[in-house]
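An overview of the molecular structure
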Protein chains: 2
Amino acid sequence: MEFAVIEHIKRGMVPAPKGEVWIGDDAAVIKCFTEVELFAADLVVAGVHADLDIVTLEDFGWKAIAVNVSDIAAMGGVPSYAVVSIAGASASEIEQMYRGIKEASEEYGVQVVGGDLSGGRELLISVAVIGTTEGRPPLLRSGARPGDFIFVTGPLGSSAAGLALLRGQQGFRQGGSGDGSVTPEVAAKLTDAYRRPKARLAEGVAASRAGASAMIDISDGFSADLNHLADDSHVGVELSAVPVAPGATFSDALGGGEDYELIFTAAKPEEIFAEFERAGLSPPLVVGTCSQDPSRRTLDGGSLPIIGWEHDL
Amino acid sequence: MEFAVIEHIKRGMVPAPKGEVWIGDDAAVIKCFTEVELFAADLVVAGVHADLDIVTLEDFGWKAIAVNVSDIAAMGGVPSYAVVSIAGASASEIEQMYRGIKEASEEYGVQVVGGDLSGGRELLISVAVIGTTEGRPPLLRSGARPGDFIFVTGPLGSSAAGLALLRGQQGFRQGGSGDGSVTPEVAAKLTDAYRRPKARLAEGVAASRAGASAMIDISDGFSADLNHLADDSHVGVELSAVPVAPGATFSDALGGGEDYELIFTAAKPEEIFAEFERAGLSPPLVVGTCSQDPSRRTLDGGSLPIIGWEHDL
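Cut-off values and rules
Residue numbers run consecutively from 1 along every chain, following the written order of its sequence. The lettering of chains begins at A and the numbering of ligands begins at 1, in the order of writing. Given that this is a predicted model, residues contribute local features only at a pLDDT of at least 70 and side-chain atom pairs are listed and counted only at 80 or more, while totals for whole chains, interfaces and linings are drawn from all residues. Secondary structure elements are defined from DSSP: runs of H or I of at least 4 residues count as helices, runs of E of at least 2 residues count as strands, and each element is numbered from the N terminus. Here the globule rule reads 2.2 Å times residues to the power 0.38, and the radius of gyration is calculated from C-alpha atoms. The burial label depends on the number of other C-beta atoms within 10 Å of a residue's C-beta. Counts of 20 or more mean buried, 12 or fewer mean exposed, and intermediate counts mean partly exposed, with C-beta atoms placed from the backbone. By the convention adopted here, residues are in contact when the distance between their C-beta atoms, placed from the backbone, does not exceed 7 Å. Three classes are used, and their members are as follows: Ala, Val, Leu, Ile, Met, Phe, Trp, Tyr, Cys and Pro are nonpolar, Asp, Glu, Lys and Arg are charged, and the others, Gly among them, are polar. Being paired, for any two strands, means DSSP has found at least two bridges between them. The term nonpolar core refers to a set of buried Ala, Val, Leu, Ile, Met, Phe, Trp, Tyr and Cys residues connected through C-beta atoms within 7 Å. Here a helix's expected span is defined as the number of its residues, less one, multiplied by 1.5 Å. Superposition of the copies used a least-squares fit over C-alpha atoms from residues whose pLDDT is at least 70 in both. For helices, the fitted line uses only the C-alpha atoms of the stretch in contact; every axis is such a line through C-alpha atoms, and the angle between N-to-C directions lies from 0 to 180 degrees. Boundary definitions for the domains trace back to an automatic or database domain assignment.

What follows concerns the overall build of chain A. In terms of regular secondary structure, chain A is built from nine helices and twelve strands. Taking 2.2 N^0.38 as the reference for a compact globule, 313 residues should give roughly 20 Å; the C-alpha atoms of chain A span a radius of gyration of 20 Å, in line with that estimate. C-alpha atoms of chain A, sized along the principal axes, occupy 60 × 50 × 35 Å. Expressed as a percentage of its 313 residues, the buried residues of chain A come to 57%.

Turning next to the interface of chain A and chain B. Much of the literature gives interface size as the accessible area that the parts lose upon coming together. Between chain A and chain B, the residue contacts involve 49 residues of the former and 49 residues of the latter. Elements with a minimum of two residues in the side of chain A that touches chain B: β1 (28-31), β2 (36-45), α2 (57-73), β3 (78-87), β4 (111-118), β5 (124-132) and β7 (214-217) of chain A. Each residue belonging to the side of chain A that touches chain B can be placed in one class, and the counts come to 27 nonpolar, ten polar and twelve charged. Looking at chain direction, β1(A) and strand β2 (residues 36-45) of chain B are connected through four bridges and run antiparallel. Counterpart to A:Lys31 in the pairing with β2(B) is B:Val36.

Although it is not a glycine, A:Tyr260 adopts a positive phi angle of roughly 60°. Relative to the elements of secondary structure, A:Tyr260 occurs in the loop between α8 (250-255) and β9 (262-266).

Our next topic: the nonpolar core. The tendency in soluble globular proteins is for nonpolar side chains to be buried side by side. Core analysis: the largest hydrophobic core is formed by 212 residues, its most contacted members being A:Phe39, A:Ile65, B:Phe39 and B:Ile65. Excluding its chain neighbours within four sequence positions, the residues that come into contact with A:Ile65 are A:Ala82, A:Ile101, A:Ala104, A:Ser105, A:Tyr108, A:Val110 and A:Val127.

All names here are of chain B. An ideal rise of 1.5 Å per residue puts 16 Å on twelve residues; helix α5 (residues 184-195) measures up with 16 Å between its terminal C-alpha atoms. Within α5, the full set of buried residues consists of Ala187, Leu190, Thr191, Ala193, Tyr194 and Arg195. Contact partners of the buried residues in α5: α2 (57-73) and α4 (158-166).

Glancing now at the relation of the copies chain A and chain B. Rotating chain A by 180° about the axis while translating it 0.0 Å along that axis superimposes it on chain B, leaving an RMSD of 0.0 Å. These values place the two chain copies in the arrangement generated by a two-fold rotation axis. Taken as a fraction of all interface residues of chain A, those also at the interface in chain B reach 100%, which identifies the copy contact as same-surface.

Once that is clear, we can look at the sheet that holds β3(A). Read from one edge to the other, the open sheet built from five strands follows the order β4(A)-β3(A)-β5(A)-β2(A)-β1(B), with strand pairing classed as mixed. Edge positions in the sheet fall to β4 of chain A together with β1 (28-31) of chain B, since each has one partner strand and no second. Neighbour-to-neighbour, the strand axes of this sheet turn through a mean angle of 25°, independent of strand direction. Bridge count for β3(A) against β5(A) is nine bridges, and the pairing is antiparallel. Residue pairing in the sheet places A:Val78 in a bridge with A:Thr132 of β5(A). Set on the sheet, helix α3 (residues 91-108) of chain A makes contact with β3, β4 and β5 of chain A; between it and β3(A) the angle comes to about 170°.

Residue and element names in this part refer to chain A. Sheet architecture is open: seven strands sit in the order β7-β9-β6-β10-β8-β11-β12, paired in mixed fashion. Pairing within the sheet leaves two strands with one partner each, and these edge strands are β7 and β12 (302-303). In the sheet, strand β8 (residues 236-239) pairs with strand β10 (residues 285-291) via four bridges, with the strands oriented antiparallel. The residue of β10 that forms the bridge with Glu238 is Thr289. Sheet contacts for helix α6 (residues 201-209): β7 and β9; angle to β9, the most-contacted strand, approximately 10°.

Residues and elements named next belong to chain A. Domain boundaries in chain A define domain 1 (2-132) and domain 2 (149-303). Placing the centre of domain 1 and that of domain 2 at their C-alpha centroids yields a distance of 26 Å. Counting residues at the interface gives 15 residues for domain 1 and 19 residues for domain 2. Split by residue class, the side of domain 1 that touches domain 2 holds ten nonpolar, two polar and three charged.

A word on helix α7 (residues 222-233) of chain B. All names here are of chain B. Between its terminal C-alpha atoms α7 stretches 16 Å, which fits the 16 Å expected from twelve residues at 1.5 Å a residue. Extensive coverage of α7 is indicated by the burial of nine of its twelve residues. All buried positions along α7 are accounted for by Phe222, Ser223, Ala224, Asp225, Leu226, His228, Leu229, Ala230 and Ser233. Residues of α7 that are buried make contact with β7 (214-217), β8 (236-239), α8 (250-255), β9 (262-266) and β11 (297-299). In the stretch just after α7, His234 is the one whose phi turns positive, near 55°.

This is the structure:
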């Protein structure tokens, strides 16, 4: 099976430029763009990272790429190449997943150059991605300083709310106005956030260009990931607000996870806002500041609950 | 679990040099050694690529690294960095696998700089590896020319014979002299070939330095992989011999797979032998030549059976 599938995948892809070799040899031959590069890996497992009763295999393929691109975005970089390994899928399932993989690869400008196909009892996509910093210093989790402002690239909780909607666990009434009800437009946005998470690539680059000091993407949950950043930077966190997406709950926003918005810190907000405007991006949201005491985690003066997504889907 | 395990893994590793960032951020920051680099991925699934009733989790971890290093070796390159993603393992299983991962990483000089841990019902290790060509042209599968000699880095079939031994499928009698019997020394070599496959890294570099024209590693099986190389190079194959490892059968050698010896082609055998000697390596074995007619696959004048390992373990 493997060779027929690989041939099919190869036919759907643009050919490698001179000097490079993509899918089909023992390893791909790729270009390095700068002296240091970024390298990350994330896998998605059916039943753990995606419920295939409510999302399609195309969505699953999209997500495998998007979460990896998000890791590169969270360093302020731009993805260049990816390798994609798939286990436990039939030829037809691989084809469906590859449609989503291809859409996401094109969306984010990352080239799939190789990978592996294997048997197995469980459907899984494992991706590794290389990215370039374009010569800028990589934005680590450890760079935040006391006094820095804390930003988020958008309101939170859409993915968790979308999952709940898709599962019919909310009293979802089209166009209704009661508690928990959302309009069809909002519902579509929420379910899309779960099915097709977006990597905030342009936002990550803008933050990096504007001198952000630290950055992380929200995969586990806003409070858990902000906590990682604060721990690694040895700073305290004083939040004034948690931005909740329309149709989501406060708890979705705080700990729902998989939003893939970026949290970043910066000493000079005016440069951040100017760069986001220049790049044609929605302005990021200021949610608080970093403080001296590394044990401090507050929200509106009270204690900030640290809750994270436990992959317990 | 993830963070505790990651902390444990980090403690077992050497710290990143200045300017690099390894395990613990969204992506690793790594060095590029040359303008083009190699990038490959291979995954190993329990029950598909390793029978955990007969090999240990340490062996399984070793194998995950070794098969990826072999992909880089088959390009004539040297591995630099790897990311390792694991699904379906408990903390204690991860620890055991990491012992083998670490041993293999040290053996082949590849640095594990990141990865992912996930739940799942099936134990699996997915590795992606970056390698450098050290400035030499990468050795593709497509470079063989009519008249080139065909080499193999060692006798074949040990892994398949070792698996059969471990499964007790052969009439294994210690020190016996009957059909199918092997000495304890040979038995140890065979089972070791299955449990701890070796990547022929030094051999790949030597072949590359000595001007080899094409190369591939033997994962599917000698005849199947040689067939891939001949197909991609549009040459015929005229084999004079199939070198069979002591204790292995002809069919193990021809199609057993997972030997991870390298097949390569070269126009000037004397340069190959000189370079292997200079590097202190056993001389490679000449097994035949490449011919004009791309449809030709012969062994000792007769038809060469193309059999490959179907991952049907």
